[in-house]
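Below are the chains, spelled out letter by letter.
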Amino acid sequence: MRKAKEITVQELKESSSYRKERGYLYFVDARIGGARYRRFFRHGERKKADAFVSSLMAKRDNVGNAKAAILEDPDTQEMAARAVRKLAESGSSLTLEQAVDDYLARFAVTLSRSSVSVSAVIDAFLHEKEREGVSEPHYKDLDHRTKRFAGSFGDESISTITEKEVSDWLMGLSLEPQTVVNFRRVLHNLFAFAVKRGHISTNPVAHAISPKVRRKRAVILSPEEASSLLAHAEEEILPSLAIMLFCGVRQGEMARLDWSAIDFEDSTITISAEIAKRDVHERFITMPAVLMDWIRPHAQRRGLIKPVRFRCAFERCREASGFAKGTWPANALRKTFISCHYETHGSIDETARQAGTSVNIIHKHYRRLIKPKEASKLWSIHPDSSDSVIPLQA
């Protein structure tokens, strides 16, 4: 047997399967720079074996020279000394080499996590929201906002996205401040999900820029405008408009509300968990007498109340009642109900219960928008006090 420091040439035993079944006579074994090299040779392959040993010796010498250069470098020696001192001061029993190995192992795990793309995280995020059972409008909103972000960063690793990049992207949207804030909120949830899944350690959106939103005073309908709207409503959409106006039902809830949820004997509308925006918003709404006067002639046993063609018919109704395109106050029917109900009855808790919202929201947005005397007129808009309803058009 011939030795060359880390390189050895060994004869195989008679009982070895490599010798008995494959005809190998000996093998060369070496460990150089932490790597292992082994090759088997048959009788008559001495020149091949010598050439392999020579290549290994050259490799060993190269590794040795590289190590010597590192050890002779004064900067490297100083850094190593400081590292050893820090390990000792921390109370760690690891050697410097063990500490480096441990770091590299952890870094490899981090690197594998960091390779997850933004698009992949978005897909997983949306899948989780779907499994949680979020409403369809909420899911569509999340899908729209996250996919727009993916249009700029979809192929990039989630771990490479910085606070500055998020801030620059948000401000580059050129949208209203409140819309930008809505995008920021969705992105914060997305990156919080990435933190929970272990893809990143911190949320870059936490300190990203957030534009200042100047709160605008809510705009509601006057009793005269509400009366005109109902008077110009086509028969097909009249029940939906009346329910949103006199009970404050949300548009998303209205789209899922069935006639079977209305109890004329008990004067209630049931907003179940399946219908409500969230579970906490399920409730029983007390129908005022004026609402029953408007919808009873159109009542059915079952079936969705809001028609598929609601949008086009509603646009015709708004224009006919004096609202030019682009002048309709956002969410006007629900806001009108909340403001008028509060000013008429004077109980903010009862108004919040009926509308399925919080007392804080009413305090912040819906108080003092109309005088109590004017608000009470809303509950006096009976069908016989308005112009005749426009019949359903073919």
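## Some details on the layout of surface pockets
- There is about 250 Å³ of room inside the second largest pocket.
- T76, M79, A80, A83, L96, E97, V100, D101 and L104 are the residues that line the second largest pocket.
- Per-element accounting of the lining of the second largest pocket gives the leading share, 5 residues, to helix α4 (residues 96–114).
- Of the residues assigned to the lining of the second largest pocket, the class counts are 6 nonpolar, 1 polar and 2 charged.

## Looking at the environment of A192
- Position of A192 relative to the elements: it lies in helix α8 (residues 177–196).
- For A192, a relative accessible area of 33% puts it in the partly exposed group.
- Remark: the alpha-carbon pair of A192 and N203, spanning 11 residues in sequence, is separated by 6.0 Å.

## Overview of the pattern of salt bridges
- This model, assessed by the stated rule, comprises 18 salt bridges.
- The salt bridge involving R19 is made with E14; its shortest N-O contact spans 3.5 Å.
- Classification of E14 by relative accessible area gives exposed; the value is 59%.
- Of the charged contacts, one joins D29 and R38 as a salt bridge, the two residues approaching to 3.4 Å between their closest N and O atoms.
- Looking at R38, the relative accessible area reads 42%, which means it is partly exposed.
- A single salt-bridge network, built from bridges that share partners, covers E11, E14 and R19.

## Describing the confidence of the model for the chain
- Chain-level statistics for the chain give a pLDDT mean of 87 and a share of 90% at 70 or above.
- For the chain, the element scoring lowest by mean pLDDT is strand β1 (residues 2–4), at 43; helix α10 (residues 238–247) scores highest, at 97.

## Quick look at the nonpolar core
- Core analysis: the biggest nonpolar cluster contains 58 residues, and L241, I243, F246, I269 and I295 have the highest contact counts within it.
- Elements that contribute at least two residues to this core include exactly α9 (223–231), α10, β6 (268–271), α12 (289–295), α13 (310–320), α14 (332–345) and α15 (348–355).
- If one sorts the elements of this core by residue count, α10 sits on top with 8 residues.
- For I243, the contacting residues outside a window of four places in its chain are G248, V249, M254, L257, I262, I269, L291, I295 and I305.
- Judged by nonpolar contacts, the second largest core, of 26 residues, contains I122, I161, F183 and F191.

## Digging into the packing of aromatic side chains
- This model, assessed by the stated rule, comprises 16 aromatic pairs.
- Ring geometry for Y18 against F40: centres 4.4 Å apart, planes inclined by 5°, an arrangement best described as stacked. Of this pair, Y18 sits in helix α1 (residues 17–20) while F40 sits in strand β4 (residues 35–41); the two residues are 22 residues apart in sequence, bridging distant segments of the chain.
- Owing to a relative accessible area of 31%, Y18 belongs among the partly exposed residues under this scheme.
- With a centroid separation of 6.2 Å and an interplanar angle of 50°, the aromatic rings of F41 and F52 are classed as tilted. With F41 in strand β4 and F52 in helix α2 (residues 46–72), this residue pair connects regions lying 11 residues apart in the sequence. Here F41 matches F52 in class, with each residue buried.
- Here the aromatic residues F149, F153, W169, F183 and F191 are joined through ring pairs into a cluster of three or more.
- The ring centre of Y24 lies 4.3 Å from the NZ or CZ of R42, which sits over that ring.

## Notes on the environment of V249
- Positionally, V249 belongs in the loop between α10 and α11 (251–256).
- Along the sequence, V249 and Y366 sit 117 residues apart, while their C-alpha atoms lie 16 Å from each other.
- Excluding residues within four positions of it along the chain, V249 makes contact with I243, M244, M254, I271, R283 and I285.

## A closer look at the sheet that holds strand β7 (residues 283–286)
- Strand order in the open sheet formed by 3 strands is β5-β6-β7, with antiparallel pairing between adjacent strands. Edge strands, defined here as strands with exactly one partner in the open sheet, are β5 (262–263) and β7.
- Where β6 lies against β7, 4 bridges are found, and the strand directions are antiparallel. What sits directly across from I269, in β7, is I285.

## Quick look at a nonpolar patch on the surface
- Where nonpolar side chains cluster on the molecular surface, the patch consists of V100, Y103 and L104 and spans about 300 Å² of accessible area.
- As for its position among the elements, Y103 is in helix α4.

## So, unusual backbone geometry
- The phi dihedral of S174 falls on the positive side, at around 55°, and the residue is not glycine.
- Relative to the helices and strands, S174 resides in the loop between α7 (163–171) and α8.
- Positive phi outside glycine occurs at N331, with the angle close to 55°.
- Tracing the sequence through the fold places N331 in the loop between α13 and α14.

## So, the packing of α10 against α14
- Contact geometry of α10 with α14 gives a least axis separation of 6 Å together with a crossing angle of 35°. Between α10 and α14, the contacting residues are L241, M244, L245, F246 and C247 on the first element and L333, R334, T336 and F337 on the second.
- Classifying every residue of the contact of α10 with α14 gives 7 nonpolar, 1 polar and 1 charged.

## A closer look at the pairing of strand β3 (residues 26–32)
- Here β3 lies mainly inside the structure; 6 of its 7 residues are buried.
- The sheet contact formed by strand β2 (residues 7–11) and β3 spans 5 bridges and is antiparallel. Bridge assignment links Q10 to a residue of β3, and that residue is F27.
- Strand direction decides the pairing type here: β3 and β4, joined by 7 bridges, are antiparallel. Looking at β4, one finds that D29 is bridged to R38.

So, how was this worked out
- All chains use their own residue numbering, which begins from 1 and follows the written sequence.
- Totals for whole chains, interfaces and linings use all residues, but because this is a predicted model, local features are given only for residues with pLDDT of at least 70 and pairs of side-chain atoms are given and counted only at 80 or more.
- Just so you know, side-chain values use all the structure's heavy atoms and leave hydrogens and water out.
- A cavity here means a set of 1 Å grid points, computed over protein atoms only, where a 1.4 Å probe fits but cannot escape. A pocket is an open set with protein on both sides within 12 Å along at least 5 of 7 lines, and lining residues have an atom within 4 Å of a point.
- Grid points are joined across faces, edges and corners, and a volume is the space filled by probe spheres set on the points.
- Elements are defined by DSSP. Helices are runs of H or I of four residues or more, strands are runs of E of two residues or more, and each kind is numbered from the N terminus.
- Side-chain classes follow a simple rule in which Ala, Val, Leu, Ile, Met, Phe, Trp, Tyr, Cys and Pro form the nonpolar group, Asp, Glu, Lys and Arg form the charged group, and the remainder, Gly included, forms the polar group.
- Relative accessible area decides the class of each residue, using a 1.4 Å probe on protein chains only: under 20% of the type maximum gives buried, over 50% gives exposed, and in between gives partly exposed.
- Salt bridges are defined by distance alone: a side-chain nitrogen of Lys or Arg within 4 Å of a carboxyl oxygen of Asp or Glu.
- Per-residue confidence from the predictor is given as pLDDT, running between 0 and 100.
- What is meant by a nonpolar core is a set of buried Ala, Val, Leu, Ile, Met, Phe, Trp, Tyr and Cys residues, joined one to another through side-chain atoms within 4.5 Å.
- Contacts are assigned to residue pairs with any non-hydrogen atoms lying within 4.5 Å of each other.
- When the centres of two rings from Phe, Tyr and Trp lie within 6.5 Å, Trp using its six-membered ring, the rings pair. Their planes under 30 degrees apart give stacked, over 60 give edge-to-face, and anything left gives tilted.
- Counted as over-ring charges are cases with an Arg CZ or a Lys NZ within 6 Å of the ring centre that also lie within 35 degrees of the ring normal.
- In this description, strands pair whenever DSSP reports at least two bridges between them.
- Only residues whose relative accessible area exceeds 30% and that take part in no salt bridge are eligible for patches, with like-charged residues grouped when within 9 Å of each other and nonpolar side chains (Val, Leu, Ile, Met, Phe, Trp, Tyr) grouped when within 5 Å.
- The method behind every accessible area is Shrake-Rupley, applied with a 1.4 Å probe, and residues are considered shielded solely by the protein chains displayed.
- Note on geometry: axes are C-alpha line fits, over the in-contact stretch for helices, and angles between N-to-C directions span 0 to 180 degrees.

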